Each structure stands twice: as structure tokens, then as C-alpha cells.
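Structure at a glance
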Amino acid sequence: MKVFISSVVFAVLVSSNVYALSFDSDVPKSIQEQMNQDLVFINQISGTKATPFHIKVFGDMVSGATYKKFFESRITSVGLDDCGGGAAVACVQPFFDPNKMWLTNNFIKFSHPQVARMMVVYHEARHSETGNSNWGHATCPRPFLDANGKDMVSIWTGAKLEGQPACDINYMGSYGSSTIMLKNISKFCSNCNEKVKMDADIYASDQIGRISRPEVKKAMLADFENN
Amino acid sequence: MKTIKNKLILGLSTGALILIGLFFSPYKFNFINQNKPSDFDFRANSNTTKQHNFTVQQAQQELPFDQQKLSLMIDHLPEADQLKWQTFESIIIAKNDNDPRIDLELKKLSPQLHQALYEKYNTLKREEHNSRGFIVFLIARNLQSKDDIEFLKKIYQEDPCLSLSDCHIALEDDPHHNSTNQMTLVYSQMSGLYSIEKQLIENPNRLNNSTFRDEILQILIQAENFPVISVQNKAHQLRSRFKL
């Protein structure tokens, strides 16, 4: 009887970690395994706090269950594509299928920290929301300057971000929501190790640079610092 | 003639029936969904990969690959350190960044293990950003010796990595996610700065030691000279914050 109960408890624990996600047959097993491992990592996150902006976007405190619910209510299947080439690791095409995410071979080829990969996955999941016009990005202002008054550019190609559809004017969009998720993981995750917390801080602190309205950025910084 | 006419009518009727069937089929959108995004070419910013015209000559220096030297170092570690080394290697292979052993077993490491980590860093491909940054994190959160300081200073003297697929070649990148990609290119450098920051926040009294203060300053000055603005800015921010 004890063995039976233990087996049931174990099965429940394991199944609570598994995402209801189907992979197309052409998605390599190595990509499927990495995606599943990354989602299990997110699902295991624990915490009892969150900032007000986090609660507004994700509906609850920092926890794996919160993030699992967010993801599963948007994405149910995964396909393989090159997402336009370049260094993309994931994309969505909600006009074809709002519940499908496409991963590229770069998902396992490039050596991103786990948190960075998940930031892109959750960013793309946010874009799948047909009801919110897919949280389309705003055009970055001209000029689009950093805190030091210098043009925001691609570091090696020198391409300016100004005029590109690569900004958000609202904290609810894909850049804003993924920044809020990571900053909250960095601050409130109770079972994340120091590396994960540091990584979350590094990528969130960078991602907030895509919020082009100073007053929105200021409100986000206050949300992180005052809570 | 009549037979031919009958066949023609039969053929046309069959074709019409198939077309009607397809039109009313509940699965018609599945045909569309089976296409991949790359089958269509109406995205505003199609990011076809273009190799840039320039390469950075300096970036062509390869780090020394001395796996044999590393194996010898590991063989000569005390048993407790060898167990820690196995833990470290298993974490790198598993790619599980949230392994609790990172804090439970790898927080305080012996000077010999630090030496092995410097060597391991040099054996990794430059594109192994997460593993290299992990090593920098382990050293920087547990700064013990002048060798640690020298190791960190060298991180900021490296030639910058130009793209995720090949550190020697700069490739055009999609503006949608290029800040994430660019952050990963400097992950080792950022990992060092964030670890130093955390250490100084938790233990600001360490800066009362003038030798330590000077060593941290040397690292930050080196980081300010690293040719990537995000690294320079973070180093500058730390100097301002800790009045260095």
C-alpha cells in the first residue's frame, strides 16, 4: 500500500512538471529535450512575493505554477523553423496558429544561459496573444539614445535601433513582461541558486533598455526597487 | 464521340466534387498550418543572415587548448576537490543552471580548484559562453588571491566575440532579439562584474583593505577598456556606486 501511495505521489510530482506540449515530428530530439528541461526549470521556481507589475502581467506571485499556466494557456505545440534566419532561437506566427511556437536549431547550438533562452520563449509566448493584437512592438524613436546619450546600436554591425520595430511603449508587452518576469525571479525566487538570480538580473537589466518611453521605464524601475 | 463526351462530363463532375469537398472541409486550415513561417516571405524584417565584410584580425588568436595539462591538474587534486570537480563537470554537461549544488558545494573552492578552473576556461571554445561565464562567476564570487585578480583582468583583455556562431565573424542580427544575443556575447565579462557587485554589496568592509580595493579597481579599469559599451557602462556604474 505504501509503495502504491509513494508511486502515486511520485507520478503526481512528475506530471506536475510536464508541460502539455506537443512537438512536430521533425523537431530534433535534442531540441525537444532542451525545451522540456528548460520548462521544468521554470516550473520548479518557488517564491512568495512579486512586484505589483508582475501580478498585473502574470496574475500571481513568482512561482513555477504561475509561469506554467501563463505558457500553457498560450502555447500548445512546437515546430521547427529558422524563424527568418540569423541568430533567432524562437518565434511565433500567430496568424497561422496562435498556439504554436517555432524553435530553431540555434536553441541548442548557441550557448545562452538557461534564463536567457526562457526569456526569449516567454517573450514569444506573449506575442501569441491574438486578443491583444499580439502585443506588437512599437517603432523605436528617432533618435533612440541610451542613458549616456549615445545611439542604441548593434554592437558589431553598428546598425541603429532607431526606426526599427524593436521597442515597447508599455510594460505589458513582450519586452516589458519578460523584463518583469526576470527581475522578479532575480529578486524573489526562493529556490534559485546565485547563478540563476545573477543571470536573471543581467538579462532583465539589459531588456528594459527596449522600453522607449522614459516614464514607463521609470515606473518599472520603481516597481522593482520599491517592492 | 459520345463516349468521349461522357468521360469528359464524368471527369469534370469528379473534379468539381473534389473542389467542393475541399472547400467545405473542416481541415482546410490545417493545410495552412502545416506550412512553416519560413515558407512565407511577408515579414517586415526578414533577417537573412549576411556575413559582414569585416572580421577582426585580433580576434583570430585562439586560446590555448591544453586538455592534457588540465587532466594532470585534476589527477593531482585532493580527493575532496576531485569530487567537487566532478560536480562542476556534471553541471556543465547537464546544462542545468539551477542545480542547487552550485551554491551548496561550489561556493568555497580551494586555490588548486581555482587553478583548474582557469585552465578549464582556456580549454573551452570561445563560443561556449554559458560555461565560460559560469567559471568566471565561480571565481569572482570567491575572490581569494592575486591569481584570481589576474584571471579576471585577463577576461577584460580578451578580444570580443563577434557572433554567437563564430566569435571571429560579425553577422547581421535581427533587431528583435539582438540585445539578448549581444548580452550572451559578453556573458563572461558581465558575469565577473555582477559577481563583484554582489560581493561588495554583501561585504562592503572588504574595500577597507587598501590592497583589495586597489585590485578591484584594476579589474574595473580593465573592464572600462573592454570594447563593448554595455561592459564599460557596468564597470563605470560599479566605480561610481562603490566610490572607486
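Focus: the overall build of chain B
On a plain count of helices and strands, chain B comes out with 12 helices and 2 strands. When the elements of chain B are put in sequence order from the N terminus, they spell out α-α-β-α-α-α-α-α-α-β-α-α-α-α. In chain B, buried positions account for 44% of the 244 residues. Sequence-distant contacts, at least 24 apart, represent 70% of the contacts inside chain B between residues at least 6 apart. Roughly 13500 Å² of accessible area belongs to chain B as shown, and the carbon and sulfur atoms make up 56% of that amount.

Comments concerning the state of the cysteines
Residue and element names in this part refer to chain A. Evaluation of the coordinates by the stated rule reveals 4 disulfides over all chains. Between the sulfur atoms of C83 and its disulfide mate C91 the distance is 2.2 Å. Taking the torsion about the S-S bond as the criterion, the C83 to C91 disulfide, at about -80°, is left-handed. A relative accessible area of 8% means that C91 is categorised as buried.

Concerning the pairing of strand β4 (residues 100-103) of chain A
Residue and element names in this part refer to chain A. A two-sided burial pattern is seen for β4, the buried positions comprising K100 and W102 on one face and M101 and L103 on the other. Note that strand β3 (residues 90-92) and β4 share 3 bridges and pair antiparallel. Paired with C91 across the two strands is W102, which belongs to β4.

Some thoughts on helix α6 (residues 114-127) of chain A
Under the 1.5 Å per step criterion, the end-to-end length of α6 of chain A is 20 Å for 14 residues, consistent within 8% with the ideal 20 Å. For α6 of chain A, the buried fraction is high: 14 of the 14 residues fall into the buried class.

Examining the sheet that holds β3 of chain A
Residue and element names in this part refer to chain A. Judged by pairing direction, the sheet is mixed, and its 4 strands sit side by side in the order β1-β2-β4-β3 without closing on themselves. Strands with a single pairing partner mark the edges of an open sheet, and in this sheet they are β1 (22-23) and β3. Its contacts with the sheet put α6 on β3 and β4, and the angle it makes with β3 is roughly 5°.

Let's talk about the pattern of salt bridges
Pairing of side chains with opposite charge becomes possible as their charged atoms draw close. Counted according to the given criterion, the structure contains 23 salt bridges over all chains. Here E129 of chain A makes a salt bridge to R74 of chain A, at a shortest N to O gap of 2.7 Å. Linking E129 of chain A in the loop between α6 and α7 (174-188) with R74 of chain A in the loop between α4 (64-72) and β2 (77-80), this pair joins segments that are 55 residues apart in sequence. Using a relative accessible area of 10% as the deciding quantity, one classes E129 of chain A as buried. Judged by relative accessible area, R74 of chain A falls into the buried class, the value being 16%. Close ionic contact of R126 of chain A with E129 of chain A constitutes a salt bridge, the shortest N to O distance being 2.7 Å. In terms of burial, R126 of chain A and E129 of chain A fall into one category: buried. Connected through shared salt-bridge partners, E194 of chain A together with D103, K107, R141, K198 and E202 of chain B make up one network.

Brief notes about the side chain of S195 of chain B
Within the fold, S195 of chain B resides in helix α10 (residues 187-202). With relative accessibility at 5%, the residue S195 of chain B sits in the buried group. Residues within four places of S195 of chain B in sequence aside, it is in contact with M198 of chain A together with F137, A140 and R141 of chain B.

Thoughts on the side chain of E194 of chain A
Counting through the fold element by element, E194 of chain A comes out in helix α8 (residues 194-207). On the basis of relative accessibility, which here comes to 16%, the residue E194 of chain A falls in the buried class. A distance of 2.4 Å separates the side chain of E194 of chain A from the side chain of K107 of chain B, its partner in a polar contact.

Details of the environment of A159 of chain A
Residues and elements named next belong to chain A. With respect to the helices and strands, the residue A159 is situated in the loop between α6 and α7. Residue A159 is classed as partly exposed on the basis of its relative accessible area of 41%. The contacts of A159, once residues within four sequence positions are left out, are M152, V153 and S154.

Some words on the packing of aromatic side chains
Two descriptors summarise a pair of aromatic rings, namely the distance from one centre to the other and the angle between the planes of the rings. Residue and element names in this part refer to chain B. One pass over the full model with this rule turns up 11 aromatic pairs over all chains. Ring plane angle 25° and centroid distance 5.7 Å describe the contact between F88 and F134, whose orientation is recorded as stacked. Note that F88 is positioned in helix α4 (residues 79-94) and F134 in helix α7 (residues 129-140), a separation of 46 residues in sequence. Neither F88 nor F134 differs from the other in exposure class; each is buried. For the pair F134 and F137, a centre-to-centre distance of 6.4 Å together with 20° between the ring planes defines the contact as stacked.

Conventions and cut-offs
- Residues numbered from 1 in each chain as written.
- Chains lettered and ligands numbered in written order.
- Predicted model: local features only at pLDDT ≥ 70, side-chain atom pairs only at ≥ 80, totals over all residues.
- Heavy atoms only, no water.
- Helix = DSSP H or I, 4+ residues; strand = E, 2+ residues; numbered from the N terminus.
- Buried < 20%, exposed > 50% of the residue type's maximum accessible area, 1.4 Å probe, protein only.
- Contact = heavy atoms within 4.5 Å.
- Areas by Shrake-Rupley, 256 points an atom, 1.4 Å probe, with all protein chains shown as cover.
- Disulfide = S-S within 2.5 Å.
- Pairing = 2+ DSSP bridges.
- Expected span 1.5 Å × (residues − 1).
- Axes fitted to C-alpha atoms, helices over the stretch in contact; angles between N-to-C directions.
- Salt bridge = Lys/Arg side-chain N within 4 Å of Asp/Glu carboxyl O.
- Polar contact = N/O pair within 3.5 Å; in protein donor to acceptor, adjacent residues only side chain to side chain.
- Phe/Tyr/Trp six-rings, centres within 6.5 Å; stacked < 30°, edge-to-face > 60°.

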